[in-house]
Amino acid sequence: MTDKAITKLDGSTEAIEDSLKKANALQLQSQFNRVVTPKAQTKPVDQHHSIDAADDPAIWYNELNPSESRIIGTDKQAGLALYNLQGQLINFASAGRVNNVDVRYNYPLNNKRIAVAAASERNQNAIILFEVNADSLRSIHTQPTLLDSNIIDDAYGCCMYYSRKKQAYYTFVGGKNGHVQQWKLITKGKKISLKHVRTISLASQCEGMVADDETGTLYIAEEGNAIWKLNAEEDADNEMLKITDSDSLNHNIAYDLEGLDIYYAGDGKGYLLASVQGNFSYAVFEKESNNKYLGNFTVKASETIDGAEETDGLAVTNIALGHQFPKGLLVVQDGFNEENGVPKAQNFKLVDWADIAKAYSPELNITPDNVWFK
């Protein structure tokens, strides 16, 4: 590209740059031999296909009727969507530019135990909270928790954590400037407010994050560097350890590092999954001990559903979700959604965990009866 073209950078030029980036990532993706295909997909978000909108999913387990479990997906132009396991839209909460979302269970509120979803909202630079049910997402914050823009410049990454040690619930939220804050959930009458308890600082932009409720470990993906882990307790120090093979010294890591989530295999075992945008793949690490790297896999097109590329957020569950996903489920955002070769608005792809497990040798664990949050 000439200097003149750069100074006149417009939408069409940007599209050319994006196509070259996509072609390079597809070339790198083709080198992986662990390939799975989606079993279902969600309805596309209600945006034009050229708009970056779908971002991060979470999975809500319906203990009373697992086959009626739900996928929560962010539309960072409009709000939060609630989908069934067939990908149909059940409910939509107009909540602004919602970027990332996560769920925790059994929060005591109004004389019952509820599932709480916390999300980052970029219009107000805030954290918002919802009660999750099979048919709705109901706002339960006293008011959106506004972030100090001098610390969190743009509400971006978000995850939740339940501390077994303190029997307390938290949400972590990060900004594009690398700062992450930890907030404690506090009941206020019939709603929930948040109290700031801790600030963590990384050197550069980070979005993907996940907390391991079994070990009390927080994982943060610094997009252009590596995955870091540290103690998730509110009174812990901020000493961080870089996960081996999560940076560019591993030739299968091509930046950006994005979504993170944990598969709970029981007895302290399981897997940390990471979206690797630079080669349209997903890296798997053991969640125990030193987080041994196990290799990458890709999500390619089936006969009826296209694959997933340039994934932002992902979510995984080990728990059986009825007859459709009896061995667990992975949900990934698709940055280049297509139907019969025609571009469509972004959506989320649903992958059977058993297919992923069988792609590895030895096979990964499959533990559909382990309800880890009880």
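Residues numbered from 1 in each chain as written. Predicted model: local features only at pLDDT ≥ 70, side-chain atom pairs only at ≥ 80, totals over all residues. Heavy atoms only, no water.

1. Brief notes about the overall build of the protein chain
- Summing up its helical and strand segments, the protein chain has 3 helices and 28 strands in all.
- Relative to the compact-globule value of 21 Å for 374 residues, the protein chain shows a C-alpha radius of gyration of 19 Å, a close match.
- For the protein chain, the spread of C-alpha atoms along the principal axes amounts to about 60 × 45 × 40 Å.
- Across the 374 residues of the protein chain, 56% fall into the buried class.
- Looking at the protein chain as shown, the accessible area adds up to about 15500 Å², and 46% of this sits on carbon and sulfur atoms.
- Once the 36 positive and 50 negative side-chain charges of the protein chain are each reduced to a mean point, those two points are 5 Å apart. (Helix = DSSP H or I, 4+ residues; strand = E, 2+ residues; numbered from the N terminus. Rg over C-alpha atoms; globule rule 2.2 N^0.38 Å. Buried < 20%, exposed > 50% of the residue type's maximum accessible area, 1.4 Å probe, protein only. Areas by Shrake-Rupley, 256 points an atom, 1.4 Å probe, with all protein chains shown as cover. Lys, Arg positive; Asp, Glu negative; His and termini not counted. Charge placed at Lys NZ, Arg CZ, Asp CG, Glu CD.)

2. Considerations on the sheet that holds strand β22 (residues 281-286)
- The 5 strands lie next to each other as β1-β23-β22-β21-β20, forming an open sheet whose pairing is mixed. Both edges of this open sheet fall to β1 (35-36) and β20 (257-266), since each of them pairs with a single strand only.
- The pairing of β1 with strand β23 (residues 293-299) spans 2 bridges and is parallel. Looking at β23, one finds that Val35 is bridged to Thr298. (Pairing = 2+ DSSP bridges.)

3. Observations regarding the confidence of the model for the protein chain
- Per-residue confidence for the protein chain gives a mean pLDDT of 94; residues scoring 70 or more make up 95%.
- Segment residues 1-16 is flagged for pLDDT under 50; beyond a separation of four residues in sequence, or across chains, it makes 5 contacts in the model. (pLDDT = per-residue confidence, 0-100. Contact = heavy atoms within 4.5 Å.)

4. Here's the deal with the pattern of salt bridges
- A complete count under the given rule lists 19 salt bridges for this structure.
- Between Lys76 and Asp55 there is a salt bridge whose closest N-O contact spans 2.8 Å. Of the two residues, Lys76 sits in the loop between β4 (70-75) and β5 (79-83) while Asp55 sits in strand β3 (residues 54-60), which places them 21 residues apart along the sequence. The pair Lys76 / Asp55 is uniform in exposure class, with both members buried.
- Overlapping salt bridges bring together Asp52, Asp55, Lys76 and Asp312 as one network. (Salt bridge = Lys/Arg side-chain N within 4 Å of Asp/Glu carboxyl O.)

5. Details of the side chain of Asn125
- One can find Asn125 in the loop between β8 (112-121) and β9 (126-132).
- Overall, Asn125 belongs to the buried group, its relative accessible area being 10%.
- Not counting chain neighbours up to four residues away, the residues in contact with Asn125 comprise Thr145, Leu146, Leu147, Asp148, Ser149, Ile152, Asp153, Asp154 and Ala155.

6. Things to note about the pairing of strand β21 (residues 269-276)
- For β21, the buried fraction is high: 7 of the 8 residues fall into the buried class.
- Bridging between β20 and β21 involves 7 bridges; their strand directions are antiparallel. Bridge pairing links Leu260 to Ala274 in β21.
- Joining the antiparallel neighbours β20 and β21 is a turn of 2 residues, in which Asp267 adopts a positive phi near 55°.

7. Looking at the nonpolar core
- Counting residues in each nonpolar core, the largest one holds 57 residues, and the members touching the most others are Ile72, Leu80, Ile227 and Leu272.
- Discounting chain neighbours no more than four positions away, the residues touching Leu80 are Ile72, Gly73, Thr74, Asn91, Phe92, Ala93, Val98, Val101, Ala119, Phe130 and Leu137. (Core = buried A, V, L, I, M, F, W, Y, C linked by side-chain atoms within 4.5 Å.)

8. Examining the pairing of strand β18 (residues 226-231)
- Of all 6 residues in β18, 5 are buried; the element is thus mostly enclosed.
- Sheet analysis places strand β17 (residues 217-222) next to β18, joined by 6 bridges and oriented antiparallel. Bridging across to β18, Thr217 finds its partner in Asn231.
- In sequence, β17 turns back onto β18 through a hairpin of 3 residues.

9. Observations concerning the sheet that holds strand β24 (residues 314-317)
- One open sheet accounts for 4 strands, arranged β2-β28-β25-β24; its pairing is antiparallel. Two strands lie at the open edges of the sheet, namely β2 (40-41) and β24, each paired on one side alone.
- Across 4 bridges, β24 lies against strand β25 (residues 329-334) in antiparallel orientation. Note on β25: the bridge partner recorded for Leu314 is Val332.

10. A short note on the packing of aromatic side chains
- Evaluation of the coordinates by the stated rule reveals 14 aromatic pairs.
- Seen from their ring centres, Tyr263 and Trp353 are 4.1 Å apart, and the 20° between their planes marks the pair as stacked. A residue pair is termed long-range when its members are at least 10 positions apart, and Tyr263 in strand β20 and Trp353 in helix α3 (residues 353-358) qualify at 90 residues.
- The rings of Tyr61, Tyr105, Tyr264, Trp372 and Phe373 are connected pair by pair, giving a single aromatic cluster.
- One cation-aromatic arrangement involves Lys22 over Phe336; the distance from NZ or CZ to the ring centre is 4.3 Å. (Phe/Tyr/Trp six-rings, centres within 6.5 Å; stacked < 30°, edge-to-face > 60°. Lys NZ or Arg CZ within 6 Å of the ring centre and 35° of its normal.)

11. Focus on the state of the cysteines
- Per the counting criterion, the structure on display carries 0 disulfides.
- With no disulfide of its own, Cys158 lies closest to Cys159 among cysteine sulfurs, the gap being 6.7 Å.
- Judged by its relative accessible area of 3%, Cys158 is buried.
- Take Cys206: it sits in no disulfide, and the sulfur closest to it among the cysteines is that of Cys159, at 11 Å. (Disulfide = S-S within 2.5 Å.)

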